[in-house]
Every structure is written in C-alpha cells, then in structure tokens.
Amino acid sequence: MELNSIKLAILDIDGVVIKGRTPIPEAIEGIKLLKEKGINVVYLTNNSTRTRKRLAELLGDIGIDISISDIFTSSYLTALYLEREADKSVRIFIVGEEGIVFELEELGFKNLFWSNYEPPIDYVIVGMDRNFNFQKLTYAQQAIFSGARFIATNIDPTFPTENGIIPGGGSIVKAVETASRKQPVVIGKPEIVGLKLILTQFDIEDPKEVILIGDRIETDLIAGKRLGCKTGIVLSGITSKEELEDLEASLKPDFCGENLLDLLGGEDYEDRI
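Keep in mind that what you see is a predicted model, and the values were worked out from it rather than measured.

**Brief notes about the packing of helix 3 (residues 74-85) against helix 7 (residues 193-201)**
Then comes step 1: Taken N-terminus to C-terminus, the directions of helix 3 and helix 7 make an angle of 80°; their axes are 10 Å apart at the nearest point. Viewed along their axes, helix 3 and helix 7 adopt a mutual orientation that is roughly perpendicular. Along the contact surface, helix 3 presents Tyr76, Leu77, Leu80, Tyr81 and Arg84, while helix 7 presents Val193, Gly194, Leu197, Ile198, Thr200 and Gln201.
Then comes step 2: For the contact of helix 3 with helix 7, a count of residues per class yields seven nonpolar, three polar and one charged.

**As for the sheet that holds strand 6 (residues 92-95)**
Then comes step 1: Strands sit in the order 7-6-8-9-12 across an open sheet of five strands; the sheet is parallel. The open sheet is flanked by strand 7 (112-113) and strand 12 (185-186), the only strands paired with a single partner.
Then comes step 2: Each of strand 6, strand 7 and strand 8 (123-126) is contacted by helix 4 (residues 98-106), which is oriented at about 150° to strand 6, the strand it contacts most.
Then comes step 3: Contacting strand 6, strand 8 and strand 9 (149-152), helix 6 (residues 169-180) crosses the sheet at an angle of about 160° to strand 9.

**Some points on the confidence of the model for the chain**
Then comes step 1: Residues of the chain with pLDDT of at least 70 account for 96%, and the chain-wide mean is 92.
Then comes step 2: Confidence drops under pLDDT 50 across residues 269-273; counting only partners more than four residues distant or on other chains, this segment forms 17 contacts.

**Brief notes about the pattern of salt bridges**
Then comes step 1: One pass over the full model with this rule turns up 15 salt bridges.
Then comes step 2: For Asp220, the salt bridge identified is with Lys189, shortest N-O distance 2.6 Å. With Asp220 in helix 8 (residues 217-227) and Lys189 in the loop between strand 12 and helix 7, the pair connects residues that are 31 residues apart, well separated along the chain. A single burial state applies to Asp220 and to Lys189, both of which are buried.
Then comes step 3: Overlapping salt bridges, with partners in common, bring together Asp12, Lys189 and Asp220 in one network.

Calculation notes
Residues numbered from 1 in each chain as written. Predicted model: local features only at pLDDT ≥ 70, side-chain atom pairs only at ≥ 80, totals over all residues. Heavy atoms only, no water. Axes fitted to C-alpha atoms, helices over the stretch in contact; angles between N-to-C directions. Helix = DSSP H or I, 4+ residues; strand = E, 2+ residues; numbered from the N terminus. Parallel < 35°, antiparallel > 145°, perpendicular 65-115°, else oblique. Contact = heavy atoms within 4.5 Å. Nonpolar A, V, L, I, M, F, W, Y, C, P; charged D, E, K, R; others polar. Pairing = 2+ DSSP bridges. pLDDT = per-residue confidence, 0-100. Salt bridge = Lys/Arg side-chain N within 4 Å of Asp/Glu carboxyl O. Buried < 20%, exposed > 50% of the residue type's maximum accessible area, 1.4 Å probe, protein only.

Encoded structure:
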C-alpha cells in the first residue's frame, strides 16, 4: 500500500483496534507501522458511551502510545459542534451515557439533564444508552415537539463486542426519530460533520491526504467516500469479504485487509479479490 501521500490516518476503534476491551494484535503492529512512516494517527469512534480519557487509558493499557488529543469520539465531536453552534447556557436533554455528559461539561455546558427532565429544553442529544426506557423516549419526544433541536451522536444500528453484535446507538436514535417525526443532525459517520472538524484541527485542506480505515460499509466507507479521502476496510469487525464483493464499483474501498496490518501491507482492493 502506497502511504507517501498520506499525512493523517483516521482509524475507527471498535472492530479495527479493539473488540469490546479485547485488543486486535495486528492492529497494534499496524499503528506502529503508520507512525514509523511519519503519519499522524488519530482514533475516531461512533461509540458515544466512553469518555476520551477512558479510551486513552484502555488503548494505552494494550500497548498503544496515545494521548487524549488523538481521540475523537462522537460525543466529543458533538460537543465541539455544539460549541460552535450555541451559547454555553443552552439547556440540553441527553439520552445517553457518561461520554456525552462528560464531554459537554468539559467544554463548559452546565445545563445538562439526563436523569431528570426540566423544560424548556433547547437541544436533545441522543446516543447509545443501555438504560434507555419509555420515559426517556417520551421526554425526548416532548422536548422536540416543543422546538428543541435534535442531534444524534451516531446512527450505528449495531455494535460489535467480544461476545457478539448488540444493538447500537442508532437503534435508539431511530426510536426518537419515529416518536418525534423529526430527523436529527448526525455528527458521527457516515455524515462528515465530525470528520471536517478533525481535518480543521490538523490544518488539512485536501482530503486526499487522509485515509479513513474502518470495519463498516454503511458508516466508515460511506463517510470516507463522501469526504473524498482514501478509504480502507478491515474484516476484523462487522463487514465480511462477501459484502465487499457485492458492492458496486463506485462504493468499493481503496484498500482492504483481514486486519489493519494486513491492509497496510497489501495491494489495492481490486488486486486482492
């Protein structure tokens, strides 16, 4: 794989680097290879539940040299988006977990409601919530009916773990969307709102200097295509080789591999199948 033109590698985390808390060994070697080539490596996940601090600790524990500034979660990107969009005094109802709450608090948003509901609400932010229930759905619906803006951290329908695939944050977003009859602003992949924020932080104007590597066609691959950067898909997460083979030509990734190290050492996509 030709890396000379690449300045920034954006790696999905779940399914590319880890599964749940279990490291994918070849990914760690692949990350070392990218850094040896002088390429900036950052980590992008649609998972909104973990804080960047917890993710940095998790990745550090498995042998990855990393700082918090290398990590971009959909929660953090949502907070960055809202910082540009709104005053810090806005009132936000959250359907989600600590990742969303922490990142908003870190950027100075104080009027946050997730265990209670106190209208009026200016924004409803929805992500993965393993304590989601009918009451939270009702609160989100009522806030949006009353004029609150609806933001989704991501729309992943499923989530890979070491024990198999479970429902993802997109399942919850869809419930709120159905109940409120409103479509959200989506920050995470496959939308490119968050990706543009990352490129801005690295002063990159040409997306062709970036490669986005993930394990999902419907999020990672589509996001890369929309952004106009190089794309890579690994088979260590959600996507199978058969699914890649069935894609129409315009949607095929630039590179693929069984895992990150295999992808980096391999040929382009068309030469591998």
